[in-house]
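Observations on chain architecture
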Amino acid sequence: MKPNILFALVLTCLYELGHCQGSTKDFYSLKSRLIESYDHKDTISRKEVKFNKYRGKVVLIVNVASECPLSHMHYQELVKTYNTFNNLSTNCCDATGWLPKETPILTEPEDSYFTTFGFPCDQFGDHLESAVEEMIDIYTRYRYGVLFPMFEKVKCVGKDAHPVWKFITKEAKMEPDWNFYKYLIDHTGKVVHAYTSLTPVETILDTITKYVNVAKQFAMESKLKEKKTEAHGEL
């Protein structure tokens, strides 16, 4: 058996074991409001998104801030990583680093096995994410060409932390104490890695690639099983 297939089966079995032992909530039972604004107009969508739609994908979740000293480096790397794994253009900005045309919109290829969730948070530093949600969305898409999902502004730590953040920090056993903490979720919904703000995204690309390859392999194996089951049923 190929190592990637064996790795995928082990991860899936561990997830199912935890689920059967009484876990009442998993990653795919979570939800949050997706923020989308349109072309610098007073039009904004706050659509509730259930994370079950991302089942089978590898997810990188980040607490973002627009005015943090780490913002420029992290947004550039997050955009490049997301676009690379989703076969999107990585040359989205002009020479000044700004997008000269209309604001880019959320782009999620259906055949993708990787996505990034940005959660604006204003808990760390001196109000480094003080803007309202629609302005954060416009700024990040216009300034950096962000095409991945940007969710509602949340609290990541404390008693008022958003359920998504309560879940991932509990699973990872690590809470953020600054902006741009990164949590990697595998294709089964398990939190497999957590990284501090001092870890550049480019240094974890090999790890992301490994889990994306496992997700692809698992999806391929699942499709083959479905075809065999259908063929057997037709006999």
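What you see is a predicted model; the values in this text were computed from it and never measured.

Once that is clear, we can look at the sheet that holds strand 4 (residues 114-120). In spatial order, the strands read 4-3-5-6; together these 4 strands make up an open sheet with mixed pairing. In the strand order of this sheet, the two ends are held by strand 4 and strand 6 (191-195), each with one partner. With direction set aside, neighbouring strand axes in the sheet form an average angle of 20°. As paired elements, strand 5 (residues 182-185) and strand 6 share 4 bridges and run antiparallel to each other. The residue of strand 6 that forms the bridge with I185 is V191. Of the strands in this sheet, strand 3 (58-64), strand 4 and strand 5 are in contact with helix 2 (residues 71-85), which crosses strand 4 at around 150°.

Bringing helix 3 (residues 133-144) into the picture now. The end-to-end C-alpha distance of helix 3, which contains 12 residues, comes to 16 Å, matching closely the 16 Å that a straight helix rising 1.5 Å per residue would cover. Of all the positions in helix 3, only E133, I136, D137, I138, T140, R141, R143 and Y144 are classed as buried. Positive phi appears at G145, one or two residues downstream of helix 3, with a value of about 75°.

If you walk through the whole model with that rule in mind, you get 8 salt bridges. The partner of R46 in a salt bridge is E133, with the nearest N and O atoms 3.1 Å apart. Separated by 87 residues along the polypeptide, R46 in strand 2 (residues 44-50) and E133 in helix 3 bring together distant segments of the chain. According to the relative accessible area criterion, R46 is partly exposed, its value standing at 41%.

This paragraph deals with the nonpolar core. L60, Y75 and F148 are the most contacted members of the largest nonpolar core, which has 28 residues in total. Of all the elements in the fold, those that place two or more residues in this core are strand 3, helix 2, helix 3, strand 6 and helix 5 (205-234). Dropping the residues within four chain positions of it, Y75 is found in contact with V64, A65, T140, Y144, V146, F148, M150 and F180. Formed by 26 residues, the second largest nonpolar core is a distinct cluster that contains L34, F51, V59 and F119.

For the structure shown, the criterion picks out 15 aromatic pairs. Ring centres of F51 and Y54 lie 6.5 Å apart, and the angle between their planes is 80°; on these two criteria the pair is classed as edge-to-face. Look at Y54 and you get buried, because its relative accessible area is 2%. Each residue in the set F27, Y28, F51, Y54, F117, F119, F151, W165 and Y183 is aromatic and connected to the rest through ring pairs, giving one cluster.

The interhelical angle for the contact between helix 2 and helix 3, taken along N-to-C directions, is 75°, at an axis separation of 11 Å. The orientation of helix 2 with respect to helix 3, classified from their angle, is roughly perpendicular. Each of S71, H72, Y75, Q76 and V79 in helix 2 lies in contact with helix 3, whose residues at this interface are T140, R143 and Y144. Its residues placed into classes, the contact of helix 2 with helix 3 shows 3 nonpolar, 4 polar and 1 charged.

Although it is not a glycine, N87 adopts a positive phi angle of roughly 55°. Judged by relative accessible area, which is 72%, N87 ranks as exposed.

Turning to the confidence of the model for the chain, a few remarks are in order. Looking at the chain, the pLDDT average stands at 84 and 78% of residues meet or exceed 70. Low confidence marks residues 14-24, where pLDDT is under 50. Its contacts with residues over four positions away, or in another chain, come to 6 contacts.

Calculation criteria
Residues numbered from 1 in each chain as written. Predicted model: local features only at pLDDT ≥ 70, side-chain atom pairs only at ≥ 80, totals over all residues. Heavy atoms only, no water. Pairing = 2+ DSSP bridges. Helix = DSSP H or I, 4+ residues; strand = E, 2+ residues; numbered from the N terminus. Axes fitted to C-alpha atoms, helices over the stretch in contact; angles between N-to-C directions. Contact = heavy atoms within 4.5 Å. Expected span 1.5 Å × (residues − 1). Buried < 20%, exposed > 50% of the residue type's maximum accessible area, 1.4 Å probe, protein only. Salt bridge = Lys/Arg side-chain N within 4 Å of Asp/Glu carboxyl O. Core = buried A, V, L, I, M, F, W, Y, C linked by side-chain atoms within 4.5 Å. Phe/Tyr/Trp six-rings, centres within 6.5 Å; stacked < 30°, edge-to-face > 60°. Parallel < 35°, antiparallel > 145°, perpendicular 65-115°, else oblique. Nonpolar A, V, L, I, M, F, W, Y, C, P; charged D, E, K, R; others polar. pLDDT = per-residue confidence, 0-100.

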